[in-house]
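One letter stands for each residue in the lines below.
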Amino acid sequence: MDSSSSFAVECRRLPLALLLAAIISPTPAFAHASDRGHVLLLPTGYYLIGGAFAVAVSFLVLALLPADRLDRFWRRRLPLFSFNDGARTIVSLSSFAGFAILIAAGLLGSRDPLSNPLPLVIWTLLWAVVTLLQGMFGDLWSWLNPWYGPWRLLSRLIGMSEEASTRLPRWLGCWPAVALFFAFAWFELVDPAPDDPARLAVAAGLYWLFTFAAMLMFGYGRWSRSGEFLGIFLSMLARFALAGRDEAGRLGLCWPGAKLLAAEPLPPSGIAFLLLALSSVSFDGLSKTFFWLALFGINPLEFPGRTAVIGSGTSGLVVTFLLLAGVFLFAVWLGQLLAGSDQPLSRAAGLLVWSIVPIALAYHVAHYLTALLVDGQYALAALSDPFALGWNLFGTADMQVEAGIVAGADSAWWLWNVQAGVIILGHVLAVLVAHGFAWRLHPQPSRAALSQFPLTLLMIAYTVFGLWLLATPTVG
Amino acid sequence: MTDKNGFFDLSKSTLSRRTVLKGLAAGAGLAMAPGFVRYSQAQSSAPIKIGFQSHRTGIGAAYGRWYEKTSAAAVKAINDAGGISGRPVELVIEDDGTDPARGAEVVAKFAKQHKTDIVFGTLFSHVVIGSAPAAGENKIPYFVVSEGHHVASTKLNRYVFQPGITDVKSQIQSMAPWIAANAGKKVTQIFPDFAFGYDHRDYLPPALKAQGADVIAQIAIPPTESSFTKYFPQIPAETEVIYHVMVGPAVLTFVKELGEFYGSNRPQLFGFMDSLEATDINSPGLEFLDGSHFWEGSPRYAQADDSAAQKAYRAAVGIDDNGAAVGDPKDVSTASHMFGCWETLYVVKKAMEDAGYKGPEDRAKLVEATEALTEFAEGPEHPQGAKTFNGKIHQCFGIQNISKVEGGKLKVVHKTKIEDGLYEAEGDYTTQAL
C-alpha cells in the first residue's frame, strides 16, 4: 500500500464562550431557509423505503444466484496497457512542490477561507475530489502523494537503504493510522476553525513533517501501511475502483469491488480504521441535524457556533464509532453463529469489513457533493492567485462563482436524487461484496446466505440512516 | 469613478473586486510586527484598513457571501471616487465561522495583529453580542450591520455602532400603522420560540395597540419543529391577519402546510423577509404567499420607480431585476439586509473625514464624530433611503418597505415614514468614557 499527504491536529486553547449573549434578551438571528428546505418538501420517505427494499432485494437475488458463476463474472478483467514506475518520483516531487506553495499561501495569502487556495484544495480538491477519483480510477495517490518523491530523493542522496533500520513492532498494525485518522476527523469536524488558512497550514505542514520523519525512520513502505492515514484510506478505496494495475504493472479495467475479492482479512486495527472512516463521515452528517442538536438543547436556528459544541462533537465522534463497531461486530458474530461456523471472528470480521468500503465511498460522494460543486469553483479561482497579489495564473482568478448551481428547488431535486442513488448503490454493492466474502468463508451456499442475514439487516438500516441524514432538517 | 450625475460607473474602472480585497493578504499584518520599520498610518497614501468580520462559514454563510459582495462593491466605489480623505480603502477579511467566541477573537485580532482602523460588517446578533466586549476592550470602533436591537438598547458599549441598517424594534413598530389600516385589526402572531421570535412577540402588540388593533393570539413554535399542522387549530377563527416570522429550513413546509390548512379562504398574511432571504419567492410550496405582504429592508425586485441611486447600487453590487446575482439567476440575494453594508461604509467615510481621521490613534475622535452625525440624505451613498441617526444610542432610523407578492414578484406597495419607527431612547452611550 502506497500512500500520502495531510494534516495533524493542532490543539489550541479554546476561547471562552461569551456569556453576554445570555444576558441581553432580544437577539434576532437569521437562519437561512436553506436548500434543505426544498428537500423537506420532497417525498423522501418513499426513498427511504425504496432504498431499504432495494438493498433487501439485492440480498435475496444474490442468495439465489450460483456463487461460482457470479465469482467468475466478477473476476473478468480487461487488460489495457503496461507502464512502469519511472515517472513516479517526479510526479510526487511536483506534488510536493505544489503542497509547499499551498502551505506558504496558507500562511501568507488571503485570510479568507474562500479566497485562499489551501483550505479549498485540502478540503475540496483533496478530501472530496481525490477520494472520489481514487474510488473510481484506482490508486492515483501512490503517485500523487507529496512524500514518495522527497523520501526517494533524500534516501538516494544520503545513501540510505530502502529498508529502514528501525523496525515497527508487528503488533502495532495500523493503529497509528487509526489514531491519526481520529485526530484528522476531529480537526475537520470538531475544531473551531479548520478552514482558517494559517491554522490549516500549520496543521498540514506539521503532519507532512511528522510523516516524512516517520518514513525516514521506519521506511516509506512500512509507515505508509501503518501510519499515513490518508494513503491508507485512499488505497482502501482504490480497491473498489474500476481500474487498477496488476503485479506486472499492467493497467486494466475491472468490475467495481473485484479487487476486493483478492483482499486478505484486515487485522483488528484495519477493521477499526475502516469503521472509523465510515462513522466519522456519518457523524459529520448527524452532528448537523436538528435531531442531534436537540439532544444537547441547542437551538439550530441560532446555532452558537463550533466553539460551543466541542464537547458534544468529540464525544459524538467517539460514540458513533463505538456504536458502528459494536453493531458491525455483533452482526458478523451472529452471522457466524447462524451459519454454525468455526472460523474465528477476527477472520470473518477482517474479511467482511471490506464491504464497508463502497458504503464509505458512497457517503463521501453524497456528503461532499454540494460543497464540491460550489467550493470547487472557489478553488479554481483561488489557485490563480494563491497569495492574493492580484495574479491570474490560470485565467480563472476573476471567474464568477455560481453559488446558484446548488440553489433552488430544481437543484435540490436532482442533488437529492443523485445523493440517494449513490447511497443506495453503495449499499447494494456492499451487499454484493459481503456476499463474495461470505462465499469464501462458507463454501456451502445456504450457510453463506444465512451468515449474511444479520449484516444485511445492518446494511438496510444504514441505508435508511444515510438517506435520513440527507433528508432531515439540518443547520446551515 | 463617478459620472456626471455622481453615480458609480464601473465600466470606467480598472479596479477589480480582487484588487479591492487585496488587503486580505495576511502578510500585510507582518509589516506591523515588532522590530519592523513601522508603515506610518499618517502617510497620506497609506490605505485605510477596514477589518471585515465575515460570516464566511457556518450558519450565516449565505448572508456572508452577499455581505462580502456588497462590501467589496462599496469599497470599490469609494476608492474609484478617491477613497476616504484621499486614502484608498482596504478590506481585510477574517472569517468568524458565525461563532460568537471566534467573533471575539477576530475583533481582537483586527485590533492587535492586523491593526485595522475599524471593525465592520457583522450580521448575526449572537456574534455581535459576543464580539462587542472585545471591541470595547481594544477600543476599536465596531460598525455592525446586524438589524438587532442590541446596539440601540445601549447594553453593548460606546465603540459599537449600527448606522447603516435599522433595528428590528423600529422595523416592527413601523409596520403597525399599515397593518392596522390595510390588513386587519385582529392579528395572530406565529413565531419561532426563541429570541428572534420574541422581538416580534414583544414589540408588535403595543405598536398595534397604539393603532387601534390587537394581537389576539401568539403561537410560539419550537425551533426544531418541522411539521406545523398541529399548531394551526390554535389560530382563532376571528383572525384577520396572520403575522408570521418563521425562519430556518422548515419555512417552505410551514407555508405549504398553512396553505393546505386554509385553502383559498385565508386571512391576510403579513411576514418579514427574514423568512425568505436568499430564497426564491417562486419556490414550490410558496404558492400560498401570492397576494400576501412582506416587510422588506430594501426591495429585492427592481421597482418601476427606483431612484437612479438605487439602480446604480444594484448594478454595482451585481444583482439583476429579480434580486439575484447577475449571470446566476438562482443565486438570490439577501437584499433586505446587505444594503446596510454599503451604507455603513459610507457612514464610516463621512465620520472619518469629519474627524480628520489619521490612524488608530484617532479612534476616539472617530467615535465622537460618528456620534455627532444626525442624518443621511437619500442618494448614491444611501440608496435605500434617507435616514436619521441618534448618536446617543448609535442607531440609525429609516424608511421600511411593505411589498406585496404579485405575479411571482415582490412589489412595494407602501413605504413607511422615518417617524413611524422612532421610539424612546433606552440609554445614552455618550456618557460612557472613551
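None of the values given here were measured: they were computed from a predicted structure. (Residues numbered from 1 in each chain as written. Chains lettered and ligands numbered in written order. Predicted model: local features only at pLDDT ≥ 70, side-chain atom pairs only at ≥ 80, totals over all residues. Heavy atoms only, no water.)

*Asks:* What is the right way to read the overall build of chain B from this model?
*Replies:* Scanning chain B from terminus to terminus reveals eleven helices and 17 strands. By the burial criterion, 65% of the 434 residues in chain B qualify as buried. In chain B, the proportion of contacts linking residues at least 24 apart, taken out of those at least 6 apart, comes to 70%. Taken as a whole, chain B presents about 14,200 Å² of accessible surface, with 52% of it coming from carbon and sulfur. (Helix = DSSP H or I, 4+ residues; strand = E, 2+ residues; numbered from the N terminus. Buried < 20%, exposed > 50% of the residue type's maximum accessible area, 1.4 Å probe, protein only. Contact = heavy atoms within 4.5 Å. Areas by Shrake-Rupley, 256 points an atom, 1.4 Å probe, with all protein chains shown as cover.)

*Asks:* Even after reading the chapter, I still don't get the nonpolar core, so can you show me in this structure?
*Replies:* Looking at soluble globular proteins, one finds that nonpolar side chains tend to be buried together. Core analysis: the largest hydrophobic core is formed by 172 residues, its most contacted members being Phe-181, Phe-273 and Phe-328 of chain A. Examining the composition of this core, we find that 13 residues originate from one element, helix H18 (residues 408-441) of chain A, more than from any other. Once residues lying within four places of it in the same chain are set aside, the contact partners of Phe-328 of chain A are Ile-271, Leu-275, Ala-349, Leu-352, Val-353, Ile-356, Leu-455 and Leu-458 of chain A. In this structure, Trp-178, Val-251, Tyr-262 and Ile-402 of chain B belong to the second largest nonpolar core, which totals 55 residues. (Core = buried A, V, L, I, M, F, W, Y, C linked by side-chain atoms within 4.5 Å.)

*Asks:* Is there a simple way to explain the interface of chain B and chain A in this structure?
*Replies:* By a widespread convention, an interface's size corresponds to the accessible area lost as its parts come together. The interface is formed by 72 residues belonging to chain B together with 69 residues belonging to chain A. With both sides pooled, the region where chain B packs onto chain A buries about 5,600 Å², and carbon together with sulfur makes up 63% of that total. The tally of links from chain B across to chain A stands at two salt bridges. Between Glu-94 of chain B and Arg-111 of chain A there is a salt bridge; the shortest N-O distance is 2.5 Å. Counting across the interface, chain B meets chain A through ten residue pairs in polar contact (both at pLDDT 80 or more). Listed by contribution, the elements that provide at least two residues to the side of chain B that touches chain A are helix H2 (27-30), helix H3 (61-80), strand E2 (89-95), helix H4 (100-114), helix H5 (125-137), helix H7 (195-209), helix H8 (251-262) and strand E12 (328-332) of chain B. A per-element tally of the side of chain B that touches chain A places H4 of chain B first, with seven residues. (Buried area = accessible area lost by both parts, 1.4 Å probe. Salt bridge = Lys/Arg side-chain N within 4 Å of Asp/Glu carboxyl O. Polar contact = N/O pair within 3.5 Å; in protein donor to acceptor, adjacent residues only side chain to side chain.)

*Asks:* Before we go on, may I ask you to explain the pattern of salt bridges in this structure?
*Replies:* All told, the structure shown has 23 salt bridges over all chains when counted by the stated rule. Salt-bridge contacts for Asp-71 of chain A lead to Arg-75 of chain A; the nearest nitrogen and oxygen are separated by 2.9 Å. A salt bridge links Lys-109 of chain B to Glu-94 of chain B, with the nearest nitrogen and oxygen atoms 3.5 Å apart. Separated by 15 residues along the polypeptide, Lys-109 of chain B in helix H4 and Glu-94 of chain B in strand E2 bring together distant segments of the chain. If you follow the salt bridges from partner to partner, you end up with Arg-111 and Asp-196 of chain A together with Glu-94 and Lys-109 of chain B in one network.

*Asks:* Any chance you could explain the packing of helix H13 (residues 268-286) of chain A against helix H15 (residues 310-338) of chain A here in plain terms?
*Replies:* Describing two packed helices takes the angle between their axes plus the distance from one axis to the other. Residues and elements named next belong to chain A. Between H13 and H15, the least distance of the axes is 9 Å, while the angle of their chain directions is 130 degrees. Regarding the angle of H13 to H15, the classification is oblique. The element H13 and its partner H15 pack so that their crossing is right-handed. Where H13 abuts H15, its residues Ile-271, Ala-272, Leu-275, Leu-276, Leu-278, Ser-279, Ser-280 and Phe-283 lie against Ser-312, Gly-313, Gly-316, Leu-317, Thr-320, Phe-321, Leu-324, Ala-325 and Phe-328. Classifying every residue of the contact of H13 with H15 by side-chain character gives eleven nonpolar, six polar and no charged. (Axes fitted to C-alpha atoms, helices over the stretch in contact; angles between N-to-C directions. Parallel < 35°, antiparallel > 145°, perpendicular 65-115°, else oblique. Left-handed = near helix turned anticlockwise from the far one by under 90°. Nonpolar A, V, L, I, M, F, W, Y, C, P; charged D, E, K, R; others polar.)

*Asks:* Quick question: what am I supposed to make of the sheet that holds strand E6 (residues 186-192) of chain B here?
*Replies:* Across a sheet, paired strands are connected by hydrogen bonds in the backbone, their directions being either parallel or antiparallel. Residue and element names in this part refer to chain B. On the basis of which strands lie adjacent, the open sheet formed by seven strands has the order E7-E6-E8-E9-E10-E16-E17 and mixed pairing. Lying at the two open borders of the sheet, with one neighbouring strand each, are strand E7 (214-221) and strand E17 (409-415). Averaged over all pairs of adjacent strands, the angle between their axes in this sheet comes to 25 degrees, without regard to strand direction. Note: strand E8 (residues 241-244) against strand E9 (residues 268-272), four bridges, orientation parallel. Of the residues in E9, the one forming a bridge with Tyr-243 is Phe-270. Seen against the sheet, H7 touches E6, E7, E8 and E9 and runs at an angle of roughly 165 degrees to E6. (Pairing = 2+ DSSP bridges.)

*Asks:* Is there a simple way to think about the domain arrangement of chain B in this case?
*Replies:* Residues and elements named next belong to chain B. Segmenting chain B into domains produces domain 1 (10-166 + 335-398) and domain 2 (168-296 + 400-421). Each of domain 1 and domain 2 was reduced to a C-alpha centroid, and the two centroids are 32 Å apart. Listed as interface residues are 14 residues of domain 1 and, on the opposing side, 15 residues of domain 2. Around 1,300 Å² of area is buried between domain 1 and domain 2 when both sides are counted, 47% of it from carbon and sulfur atoms. Looking only at domain 1, the three residues that lose the most surface to domain 2 are Glu-147, His-149 and Ser-336, adding up to 38% of its buried area. Run the count over domain 1 and domain 2 and you get zero salt bridges. Linking domain 1 with domain 2 are seven residue pairs in polar contact (both at pLDDT 80 or more). Secondary structure elements with two or more residues in the side of domain 1 that touches domain 2: helix H10 (335-355), strand E14 (387-390) and strand E15 (395-398). (Domains from an automatic or database assignment.)

*Asks:* It is not clear to me how helix H3 (residues 44-64) of chain A should be interpreted in this structure. Could you clarify?
*Replies:* The α-helix winds at 3.6 residues per turn, so residues separated by three or four positions along the chain end up facing the same way. All names here are of chain A. The terminal C-alpha atoms of H3, which comprises 21 residues, lie 31 Å apart, in line with the 30 Å expected from a rise of 1.5 Å per residue. Of all the positions in H3, only Thr-44, Leu-48, Gly-51, Ala-52, Val-55, Ser-58, Phe-59 and Leu-62 are classed as buried. Down the axis of H3, the buried side of the element spans an arc of 120 degrees, and every buried residue falls inside it. Along H3, exposed side chains directed more than 90 degrees from the buried face belong to Tyr-46, Ile-49, Phe-53, Leu-60 and Leu-64. (Expected span 1.5 Å × (residues − 1). Arc of directions from axis to C-beta.)

*Asks:* Looking at this structure, I do not really get unusual backbone geometry. What am I missing?
*Replies:* Working note: non-glycine residues mostly have negative phi, and peptide bonds are mostly trans. Residue and element names in this part refer to chain B. With phi around 50 degrees, Ser-85 is a residue other than glycine that occupies positive phi space. Note on placement: Ser-85 falls in the loop between H3 and E2. Backbone geometry places Thr-154, a non-glycine residue, at a positive phi of 60 degrees. Relative to the elements of secondary structure, Thr-154 occurs in the loop between strand E4 (142-143) and strand E5 (160-161).

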